[in-house]
Amino acid sequence: MSVAEDDSRAGGPDPYDGRLRRQAAVALVLLGLATVVAAALTTPWRVLTGGPPDPDRDFTVAQIARAQAFDAAVSLSSYLSLAITLVFAGVLVATPFGAHVLARLKGPWWLRVILGVVVLTAIVELLRWPLGVWAETLMRDYGLSTQDWGSWTADRLKNLAVEVFLTSLMLVALVALARKVRRWWIPAAAGAFALTVAASFVYPVVFEPLFNDFTSMRQGPLRTNLMAMAERDGVPVEDVLVADASRRTTALNAYVSGFGATRRIVVYDTLLRAPQPEVELVVAHELGHAKKDDVLHGTLIGGLGAALGAILLYLVFGALRRRTGVTSVADPRAVGAVMGLMTLGSLLMSPAQNLISRHIEARADVHALDLTRDPATFVAMQRRLAVTNISDLSPDAMEYLLYASHPSSPERIAMARAWAKLNGVPVP
C-alpha cells in the first residue's frame, strides 16, 4: 500500500477538508464564469434564420418516408447504447463496483491505473458491442456502409485504443498529482486545459491517419477554383485534402480540423461525385470555420470546460467516497468512479455543446452564401446531403437536444431562402 493511500485511510491530512473545499468552490465559480463568458463571446448567437422548416417543399414523399424509417430503425439502438452508458457510469459512481474490480489488479500504481481504464472500457464496450453490430447492419441495409466486418471491427478497436490511450494519460497524471499535492485540483485543472489544446493540435496529424488516408486534391479546375476562393476569402490554405472515406461509407462530408500549423480542410472522396459548384459551396462553408477560427475557439472553450471538470471532480468526489469504496483520488481503485463522473459530465454537457455548435454551423452556412452568392446551389447541395446521408428531416425535441450538432437540412434550406430575399437574389 502506498504512502498516499495510508494517509487517506488512517489519520493523515484530509484531502477534502472544509477549507480546501471552499477554495476549490471559489475557483469553480470563477472558472465557470470565465467559461460562460468565453462561450458567450465566441458564439454567434444572432445568426440569420429562415421561416419554419418545411420538408414537404423540398423532399419527395418517398424521401421523407425513407428518412423517417431510417431514423426509427437507428434510434432504438442509439438510445439503448446511451442507456447502457448511463447505467454503467451510474454504477461506477454510486457503488463500489469499480473499486472491487480494480482491487484485483496487481503492479505499481500507474500500471493499475492503466489496466483499470482498459478493463472498465472493455466491460462497457462488450455490453454495447451487439448494439454496434445492429447499428452497422442497419447502415448496410440502407446503403450507407461499405465496410466488411473485419474493417468495421478494426475501426472500432482503433477508436477504443485512442480513447484508452488519452484516458489513461489523463488519469495517470491525475492520480500522480493527487498522491503528491493536497490541492491537486489546481495543477489538474491546468493539465486538463493543456491536454485538451495539445490533443486538438496533434489529432489531425497523429490520430486521423489511423482511420483514413489523405491525399492532396489532384490538379484540375476544382482545385484551382477552391484555392482561388480561399485566397479571395482571405483564408490561408496550403492544401485541400481528400479522405478515402468511400472504403467505409457512401455518406458525403467535409470538415476542418486542427489550427495553426495543423489546420486542414478535408473533403470525403464521396463528395467529389457531386457537381463541382456544390463541392465548392461545401468548401466555402469550411472556409467559414477557418476564417472565424472556430476550431481554435472550440478548443479553448473545451479546455476551460476540462479544467472546470477537474475542479468539480475534486468537489464531487469528496461526497462520493463512501459510496465508491475509496477514500481518495490518490487510490488507483478510484479510476472507476472518476471515469463514471467523466462520462456523466460529458453527457450532461452535450446539449449545451450542440446548441453552440448549431449556431456556429449556421454562421458558416451564411459565410458560404456570402462568398458564393449562390443560394440555388446551396439548396441543391443540402438536398443532396440530406438524401444521400439519409438525414433526419424532422428531428424530435429529444434527438435535437442530444445529438444535433448542425441545424436540420430543412432549417438550412429555409435560411438560404431568407438570405436570398435579404440580398435581392432569386429565391430558389
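Above: the structure in question.
Conventions used here
- Residues numbered from 1 in each chain as written.
- Predicted model: local features only at pLDDT ≥ 70, side-chain atom pairs only at ≥ 80, totals over all residues.
- Heavy atoms only, no water.
- Salt bridge = Lys/Arg side-chain N within 4 Å of Asp/Glu carboxyl O.
- Buried < 20%, exposed > 50% of the residue type's maximum accessible area, 1.4 Å probe, protein only.
- Helix = DSSP H or I, 4+ residues; strand = E, 2+ residues; numbered from the N terminus.
- Pairing = 2+ DSSP bridges.
- Axes fitted to C-alpha atoms, helices over the stretch in contact; angles between N-to-C directions.
- Contact = heavy atoms within 4.5 Å.
- Phe/Tyr/Trp six-rings, centres within 6.5 Å; stacked < 30°, edge-to-face > 60°.
- Lys NZ or Arg CZ within 6 Å of the ring centre and 35° of its normal.
- Lys, Arg positive; Asp, Glu negative; His and termini not counted.
- Polar contact = N/O pair within 3.5 Å; in protein donor to acceptor, adjacent residues only side chain to side chain.
- Patch = residues over 30% accessible without salt bridge, like charges linked within 9 Å, V, L, I, M, F, W, Y side chains within 5 Å.
- Areas by Shrake-Rupley, 256 points an atom, 1.4 Å probe, with all protein chains shown as cover.
- Expected span 1.5 Å × (residues − 1).

What follows concerns the pattern of salt bridges. Evaluated as defined, the whole model comprises 15 salt bridges. Between Arg247 and Asp244 there is a salt bridge, with the nearest N and O atoms lying 2.9 Å from each other. Arg247 sits in the partly exposed class, given a relative accessible area of 37%. As a salt-bridge pair, Arg263 and Asp293 come within 3.5 Å of each other at their nearest N and O atoms. Note that Arg263 is positioned in the loop between strand E3 (254–257) and strand E4 (264–268) and Asp293 in the loop between helix H10 (276–291) and helix H11 (294–324), a separation of 30 residues in sequence.

Pairing is mixed in the open sheet, where 4 strands are placed in the order E1-E2-E4-E3. With one partner strand each, in any of the chains shown, strand E1 (214–216) and E3 form the two edges of the open sheet. Neighbour to neighbour, the strand axes of the sheet diverge by 35° on average, direction disregarded. Bridging between strand E2 (residues 240–243) and E4 involves 4 bridges; their strand directions are parallel. When the sheet's bridge partners are listed, Leu241 is paired in E4 with Val266. Most of the contacts of H10 go to E3, to which it runs at about 20°, and overall it touches E3 and E4.

This part is about the packing of aromatic side chains. On inspection of all chains with the given rule, the structure shows 9 aromatic pairs. Aromatic rings pair up to connect Trp129, Trp149 and Trp152 into one cluster. Above the ring of Trp149, the side-chain terminus of Arg140 is found at 3.8 Å from the ring centroid. Positioned above the aromatic ring of Trp129 is the side chain of Arg156, whose terminal nitrogen or guanidinium carbon lies 5.2 Å from the ring centre.

This next bit is on the side chain of Arg358. In this structure, Arg358 sits in helix H12 (residues 335–372). No salt bridge is formed by the buried Arg358, whose closest oppositely charged neighbour, Glu411, lies at an N-O distance of 6.3 Å. A polar contact is formed between the side chain of Arg358 and the backbone oxygen of Ala404, at a distance of 2.7 Å. In this view, Arg358 contacts Tyr400, Ala404, Ser405, His406 and Pro407; residues no more than four positions away in its chain are not counted.

Together, Val26, Val29, Leu30 and Leu33 line one region of the surface with nonpolar side chains, adding up to about 390 Å² of accessible area. Following the sequence through the fold, Val29 ends up in helix H2 (residues 18–42).

Turning to H10, a few remarks are in order. A rise of 1.5 Å per residue sets the reference length of H10, with its 16 residues, at 22 Å; its end C-alpha atoms lie 22 Å apart and thus fit the reference within 8%. Phi turns positive one or two residues past the end of H10, at Asp293, with a value near 55°.

With that settled, consider the environment of Ala103. Relative to the helices and strands, Ala103 resides in the loop between helix H5 (97–102) and helix H6 (109–141). The exposure class assigned to Ala103 is partly exposed, which follows from its relative accessible area of 41%. Remark: the alpha-carbon pair of Ala103 and Pro332, spanning 229 residues in sequence, is separated by 8.7 Å.

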